[in-house]
Amino acid sequence: MSLSSPGPTTSTFSSAADPAGAPALLCLPHAGGAARAFAALRESVGGAARTVLLELPGHGTRMTEPVRDDFGDVLDDLVRASAPHTTGRYVLLGHSMGAAFAYELGRHWAALGRPPAAVLVVGRNGPTARRPFPDIHRLAVPAFLDAVRRLGGTPPQLFERPELIELFTPVLRADFTLSETYEALPGPPLACPLWVSAGTDDPMVDDAGLRDWENHGSGDVRIEWLPGGHFLLDDPAFHAYVAGVLRALPLAAAR
């Protein structure tokens, strides 16, 4: 879980280039993560997509805002942030906690006649699959932080500096609440192509859990295991996978 420092308040930021005909790639981070977790991917895909990094309230460049632990409230925020990017061709990509938001954003916009060209969910079991680990969001602070440490991905200095613990514990707890209490919202399954992936060494997922996504997509659902663990966003193999998905998208159609 990469944590980030305070910065200017904003909902999204996009790659500078706007390649003609390329889809928007809307990225949603993992629990405790900020939008900049996708910075390396943005550079890697280059002109294949106009990358839009969606920031959650209380995270990264929006750290001055109150953090939220209600899934519906955060989803409403992301609907507003993503709206300008869903009028044309676009793809949603979510990692771990972000996968749940990517899936629900795709369903939301599809119901309004603006379906994504594809949704990529990374490092998360399907909505009705069992979770490999017991929930941690209700644990007392010492036990909660110990569980977060054991999951990996959090900078070690967080656990060594009291001021960082005080700053980031509410963010982490809110995110794990969002992630661990999420249930698929009412409505039809996603009809657009659903690309499901995870690292072969990811302890947060299992084969049955990834296959559960097949129950939540009425279109093409593709499952692929990639080299690496849970935090694979900077891995060249993951970048190649995303680039391959972008290349496989159907040509843009008039709306």
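For the structure itself, look to the data block above.
Residues numbered from 1 in each chain as written. Predicted model: local features only at pLDDT ≥ 70, side-chain atom pairs only at ≥ 80, totals over all residues. Heavy atoms only, no water.

A.B. asks: Please provide a residue-by-residue account of the packing of helix α4 (residues 141-151) against helix α5 (residues 162-181), values included.
C.D. replies: Close contact between α4 and α5 brings their axes to 11 Å; oriented N to C, the two are set at 75°. Relative to α5, the element α4 lies roughly perpendicular. Contacts between α4 and α5 involve Val141, Phe144, Leu145, Val148 and Leu151 on the former and, on the latter, Ile165, Thr169, Leu172, Arg173 and Phe176. (Axes fitted to C-alpha atoms, helices over the stretch in contact; angles between N-to-C directions. Helix = DSSP H or I, 4+ residues; strand = E, 2+ residues; numbered from the N terminus. Parallel < 35°, antiparallel > 145°, perpendicular 65-115°, else oblique. Contact = heavy atoms within 4.5 Å.)

A.B. asks: Which residues make up unusual backbone geometry, and what values go with them?
C.D. replies: Positive phi is not limited to glycine here, since Ser96 has a value of about 60°. Ser96 sits in the buried class, given a relative accessible area of 11%. (Buried < 20%, exposed > 50% of the residue type's maximum accessible area, 1.4 Å probe, protein only.)

A.B. asks: Before we move on, can you summarise the pattern of salt bridges with the specific residues and values?
C.D. replies: One pass over the full model with this rule turns up 11 salt bridges. With its nearest N and O atoms 2.8 Å apart, the salt bridge here joins Arg62 to Asp77. Of this pair, Arg62 sits in the loop between β3 (50-54) and α2 (71-82) while Asp77 sits in helix α2, placing them 15 residues apart in sequence. Here the two residues Arg62 and Asp77 agree in accessibility, since each one is buried. (Salt bridge = Lys/Arg side-chain N within 4 Å of Asp/Glu carboxyl O.)

A.B. asks: Would you mind going over the layout of surface pockets in detail, with residue names and values included?
C.D. replies: Empty space among the atoms becomes apparent when a probe as large as a water molecule is rolled across them. Of the pockets and cavities examined, the largest pocket occupies roughly 550 Å³. In this structure, the largest pocket is lined by 27 residues; those nearest its centre are Arg131, Phe133, Ser179, Glu180 and Met204. Among the secondary structure elements, those contributing two or more residues to the lining of the largest pocket are α4 and α5. Of the residues contributing to the lining of the largest pocket, the split by class is 15 nonpolar, 7 polar and 5 charged. (1 Å grid on protein atoms, 1.4 Å probe; cavity = no way out; pocket = protein on both sides within 12 Å on 5 of 7 lines; lining within 4 Å. Points joined across faces, edges and corners; volume = space filled by probe spheres on them. Nonpolar A, V, L, I, M, F, W, Y, C, P; charged D, E, K, R; others polar.)

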